[in-house]
Amino acid sequence: MERRLFLADLTRYAALCAVVPNIWRVTSRPRFADDPFALGVSSGDPTSTGGVLWTRLAPRPNEPDGGMEGTRATVDWEVAHDDQFKNIVTKGRATAGPELAYSIHIDVDGLEADRWYFYRFMSGQAVSPVGRFRTTPADGAHTPLNMAFMSCQRWDQGLFTALGHVAREEQLDLAIHLGDYIYEGASPSTALRKHQGLEIRTVDDYRRRYAQYKSDPNLQAAHARCPWLVTWDDHEVDNNYAGLVGENVMESTEQMQQRRAAAYQGWWEHQAVRVPRVKSWADLNITRTISWGSLSRFYMLDTRQYRDDQACGDTIKPVCAETLDPKRTMLGDAQEQWLYNGLGSSKAHWQVIANQVMMAQYDAAPGPDFRVSMDQWGGYPVARDRLLGEIGKRAPNRTVVITGDIHTNWVHDLHNGFSRPDRPVVATEFVGTSISSDGDGRDIDAARLSAMQAENPHLKWYSARRGYVRCRIDEQAWNVDYRTVPYVTRPDAPISTATSWRLQHGRPGAERTA
Ligand SMILES: [Fe+2]
């Protein structure tokens, strides 16, 4: 808000306050009958000197305002070297208010590079759970990185057991969530655990859905374990939306604009992200880079907000003329140029594209027929090949694409243009399965995989189990373990490594190591 407007507003409010109770009053001694930190804590978007710390006051998370009943309250925060908070490094005070669902975002700075810290929040008599977070190595350092990435945690189709295993990984510096953090729909009566309410549309709806998801203890444990990098996919707003085109064709552009504003605001309020707020929530730009020293640079993409509508009426179809229109975009011009400029100018050893929908071509039809998912990059083949061409030019064989969305695990060679499979491999795509979406999952037999590979020779491995992907990245190689659980419809599933892959820096194509 401009200062002049702000002052004008202040004058108006002062007049208002003379006759009505002061709605701007902030209490430093709120009294809570229930735990206001029931949604846990999280951290994200680390730098070499800090990171963003998050919590939200919500003593009764299912209620529209989280049970705060309009009470503005101060929240104290502390960062320490130890989990007993004897050796405090920095601390401060913030205010939680209804405009942002009583969420708190603290962008801490002034910390030491490449170091672990503990953090917590306090409001009134209440103290939050303790979270761990860390800073990144300083610019120039090639310190190895232990990272996990995941996506697609549909509440009503499975338990978040895999996230509990993320929280218990022995070595984990960073977690990356590639979207479908919440799902927008209502639940069928047969659901394992039901979404509260019907399909969500308003900001109150999205807030309550985030509160329901954030109440999960496995999700809370994974957040408290280490900093996260979060981007969104479609279900944070509406299934397969494209720009301002929703799934339901009866929903107008204006309705989608309002819905997107509500959804993007709800997302921002519930994630520990360094994403500047904008005048209109409907236009929130979440693309950003995060660097792990000079070892690796992460590009957080948004493949939903700026894309053209899915061609040929969406779903899996033969390629139609519309698909091949060179003007069609997945990222929008600004994001595309931002990504190319970044890939061209970055001195980082590895370039990592944190992406939503599958980038590799996938022909789903056996024999001479050719059918692709119009929602994935395959439905935007000119834009996809343009991006792969730029990777080939600017950062060949040191670029990794990590992908979610599809609820299955895949390893792909990415050729410099899928329209010309004789062109060299310039990058590798690791697609991670869902945490819980689509339920228990299943094994894939060798015959099925061979049939898929006959149509798609760049496909190296595929599995339909639930879980996440663990990566160890150093100067020599990108090592990947596909971590899977045998079921998600019952609690306490064990975790195991289904397979391991190794991509050597400067060499095309990942190799299976286990
Ligand atoms: Fe999903």
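What you see is a predicted model, and the numbers here were worked out from it, not measured in a lab. (Residues numbered from 1 in each chain as written. Predicted model: local features only at pLDDT ≥ 70, side-chain atom pairs only at ≥ 80, totals over all residues. Heavy atoms only, no water.)

Visitor: How would you explain the pattern of salt bridges if you had to name every residue and give the values?
Guide: Within this structure, the stated rule accounts for 35 salt bridges. Across the pair Glu-69 and Arg-60 runs a salt bridge whose closest N-O atoms are separated by 3.0 Å. It is possible to trace a salt-bridge network through shared partners that takes in Asp-233, Asp-234, Arg-304, Arg-307, Asp-375 and Asp-405. (Salt bridge = Lys/Arg side-chain N within 4 Å of Asp/Glu carboxyl O.)

Visitor: Would you mind going over the side chain of Thr-136 in detail, with residue names and values included?
Guide: One can find Thr-136 in the loop between β9 (131-134) and β10 (145-150). Look past the residues within four positions of Thr-136 in its chain and what remains in contact with it is Pro-46, Thr-47, Ser-48, Ala-113, Asp-114, Ser-291, Trp-292 and Gly-293. (Helix = DSSP H or I, 4+ residues; strand = E, 2+ residues; numbered from the N terminus. Contact = heavy atoms within 4.5 Å.)

Visitor: Provide a residue-level description of the packing of helix α3 (residues 203-214) against helix α5 (residues 253-270), including the pertinent values.
Guide: One way to put it is that α3 packs onto α5 with a least axis distance of 8 Å and a crossing angle of 35°. In the packing of α3 onto α5, the handedness of the crossing is right-handed. In this structure, α3 uses Val-203, Tyr-206, Arg-207, Tyr-210 and Lys-214 to contact α5, whose residues at the interface are Arg-259, Ala-262, Ala-263, Gln-265, Gly-266, Trp-267, Glu-269 and His-270. Along the lines of polarity and charge, the residues of the contact of α3 with α5 split into six nonpolar, three polar and four charged. (Axes fitted to C-alpha atoms, helices over the stretch in contact; angles between N-to-C directions. Left-handed = near helix turned anticlockwise from the far one by under 90°. Nonpolar A, V, L, I, M, F, W, Y, C, P; charged D, E, K, R; others polar.)

Visitor: Talk me through the environment of Asp-309; I want residue IDs and the actual numbers.
Guide: Inspection of the secondary structure assignment puts Asp-309 in the loop between β14 (296-300) and β15 (316-318). Apart from the residues within four sequence positions on either side, Asp-309 is in contact with Ala-242, Val-245, Arg-328 and Tyr-380.

Visitor: Before we move on, can you summarise the coordination of the iron ion with the specific residues and values?
Guide: The protein atoms that coordinate the iron ion are Cys-152 (SG), Asp-180 (OD), Tyr-183 (OH) and His-407 (NE2), at distances of 2.1 to 2.6 Å. For the iron ion, the four donor atoms in the first shell make angles of 85 to 168° at the metal, a pattern classed as irregular. Within one chain, the residues serving as donors to the iron ion are arranged as C-x27-D-x2-Y-x223-H. Taken as a pair, Cys-152 in the loop between β10 and α2 (161-167) and His-407 in the loop between β18 (399-403) and β19 (409-415) lie far apart in primary sequence, 255 residues in all. (Donors = N, O, S within 2.8 Å, 3.2 Å for Na, K, Ca; no water. Tetrahedral: all angles 85-135°; square planar, octahedral: opposite > 155°, others 65-115°.)

Visitor: I'd love a proper account of unusual backbone geometry, names of residues and values included.
Guide: Positive phi outside glycine occurs at Asn-397, with the angle close to 60°. Relative to the elements of secondary structure, Asn-397 occurs in the loop between α7 (381-394) and β18. Phi at Asp-405 takes a positive value of approximately 70°, unusual for a residue other than glycine. The topology assignment puts Asp-405 in the loop between β18 and β19.

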